[in-house]
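Fold and contact review
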Amino acid sequence: MLIFEKSKSGRHCSLFPPCDVEVVDVPAKDQRKAELHLPELSETEISRHYTELAKKCRGVNDGFYPLGSCTMKYNPKINEDMAALPGFAEIHPLQPEHTVQGCLAVIQEIEKLLCEVTGMDRLTVQPAAGAHGEFTGIMLIKAYHESRGDFKRNKIIIPDAAHGTNPATASMAGYKVVTIPSNEHGCVDMEKFKAVLGDDVAGLMLTNPNTVGIFDENILEITKLIHDCGGLNYYDGANLNAIMGVVRPGDMGFDVIHLNLHKTFSTPHGGGGPGSGVVGCKKLLADFMPGYLVDGDAVKKFVKAPKSIGDMKAFYGNFLVVVRALTYIKTLGKEGIPQACKNAVLNANYMMNKLKDLYTMAYDQICMHEFVMSLEDLKEKTGVSAMDVAKALLDNGMHPPTMYFPLIVHEALMIEPTETESKETLDDAVAVFRKLYEEAQTNPQALHNAPVTTPVGRLDEVKAAREPVLRYEWK
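The structure presented is a predicted model; accordingly, all values stated were derived computationally and were not measured. (Residues numbered from 1 in each chain as written. Predicted model: local features only at pLDDT ≥ 70, side-chain atom pairs only at ≥ 80, totals over all residues. Heavy atoms only, no water.)

Let's talk about the sheet that holds strand 4 (residues 201–206)
One open sheet holds the seven strands; their spatial order is 1-7-6-5-4-2-3, and the pairing between them is mixed. Whereas interior strands pair on both sides, the edge strands pair on one side only; in this sheet they are strand 1 (122–124) and strand 3 (176–180). Neighbour-to-neighbour, the strand axes of this sheet turn through a mean angle of 20°, independent of strand direction. The strands touched by helix 5 (residues 130–147) within the sheet are strand 4, strand 5 (232–237), strand 6 (256–259) and strand 7 (279–281), with strand 5 carrying the most contacts at an inclination of about 170°. Contacts from helix 8 (residues 219–228) reach strand 2 (155–159), strand 4 and strand 5, with the element oriented near 135° to strand 5. (Pairing = 2+ DSSP bridges. Helix = DSSP H or I, 4+ residues; strand = E, 2+ residues; numbered from the N terminus. Axes fitted to C-alpha atoms, helices over the stretch in contact; angles between N-to-C directions. Contact = heavy atoms within 4.5 Å.)

Spelled out as structure tokens, the structure:
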């Protein structure tokens, strides 16, 4: 039931005295024409309503959440304790620098540590999340070319296994997107890649390992070829969980990178935030960095890059996400960061090998942190689709993996176990997938009907996308 449907006229949480502030004369054109409609409930009713909603949600604290390419892993509670410290949680962005020296130290320290992890020279914490960081990175590339009077570069090369936001980012920055198909191994088709190189290429957008979980063995040649034709290399850091502490994008030849702190470095996220899409770059791009950077030793201060592209967000980004990420990094330490990465890769390969005798793997080879199954054969034989299996997983206490992505794999399910799941959890998940495969052969209708144990059943997702109802209509 919606909170509006529980509303009763005259109910309140608190009683306030009449407002004694002089009311500003609002022009008629700006005045509300209808009565303001807000739900009226007691504080007890509001508390119960949102607790009831929380019980209907599914998250990483409820069970296995293998959402491919999104790294939905457990977030240590010590991170929340640090982010809740008054000296972090109660600051104001307009405070004088000398009153927030500890906060500036946090920004400075995470810049140092993440530059060490990624092989970059400078880092800004201002971008709000992943796609925002992408856009920032491409704008740095654009500013670099234009500062040299090189306006002929109008193309960004993007593999077809890229994250879906990459083409949108390049287009928003004013570039023409050139898509390169994958080869039979799920990596960049080198011949087709070489065919589009020229002096009109501004750069490359790529993540390695890519969206199908494969580390491209030609990565050093790919980035060198871009540099040889005068372009720059942008690294989408959404999959850094697979390589952190083991190999650095900067050493692969990348010039700029965004990181999803909320994915790789542990902040509860989803449903709109919070996030942090910090951006790191090599020295040649440092003068164009956005927002405020932190310099200084004993006394720290904000500085603007001399040729800054301007602010990408108000003030200094989502600071408390940065606090959580720094806590996570310092808790794991130099030994723990690569161990987490290796465990993520181990878990993905373990689960893939436990399923590939039944399910078709899109690329049957050693994967990194995630793998992609194609249920195209299963659908042809039984009529059971990837959507059916995903919905049936909900009835078995598991959040579905990413469905129908990447687009280069038909009937795709993309699974990322992450490093925080135990062998017992993975074995239970494998047993569920195997059970559903057998059920598809014997009782496909049961999977077509799923889910049946959740608060709502199978929704009409096409209608929801085409005819969304985004607000409650008061009648």
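Once you've had a look at it, read on.
Side note on the packing of helix 4 (residues 101–118) against helix 12 (residues 319–355)
With their axes 10 Å apart at the nearest point, helix 4 and helix 12 run at an angle of 55° to one another. In terms of axis orientation, helix 4 runs oblique to helix 12. The interaxial crossing formed by helix 4 with helix 12 has left-handed handedness. Where helix 4 approaches helix 12, its residues C103, V106, I107, E109, I110, L113, L114 and E116 are matched on the opposing element by F319, V322, V323, A325, L326, I329, K330 and K334. Looking at the contact of helix 4 with helix 12 residue by residue, the class counts come to twelve nonpolar, no polar and four charged. (Parallel < 35°, antiparallel > 145°, perpendicular 65-115°, else oblique. Left-handed = near helix turned anticlockwise from the far one by under 90°. Nonpolar A, V, L, I, M, F, W, Y, C, P; charged D, E, K, R; others polar.)

Re unusual backbone geometry
With omega at 0°, the peptide bond leading from F405 into P406 counts as cis. Mapped onto the elements, P406 comes out in the loop between strand 12 (402–403) and strand 13 (412–415). Going from A450 to P451, the amide bond is cis rather than trans, its omega being 0°. Inspection of the secondary structure puts P451 in the loop between helix 16 (444–449) and helix 17 (461–466). Of note in the backbone geometry, S266 takes a positive phi value of approximately 75° without being a glycine. With respect to the helices, strands and loops of the structure, S266 is situated in the loop between helix 10 (261–264) and strand 7. One non-glycine residue, Y404, lies in positive phi territory at about 55°. Looking at where Y404 falls in the secondary structure, it is placed in the loop between strand 12 and strand 13. Classification of Y404 by relative accessible area gives partly exposed; the value is 30%. (Buried < 20%, exposed > 50% of the residue type's maximum accessible area, 1.4 Å probe, protein only.)

Brief notes about the sheet that holds strand 12
Read across the sheet, four strands follow the order 10-11-13-12 without closing on themselves; strand pairing throughout is antiparallel. Looking at strand neighbours, the two that pair on one side only are strand 10 (360–361) and strand 12, the edges of this open sheet. Judged from the two bridges that link them, strand 12 and strand 13 form a sheet pairing that is antiparallel. Each bridged residue has a counterpart across the sheet, and for M403 the counterpart in strand 13 is L413.

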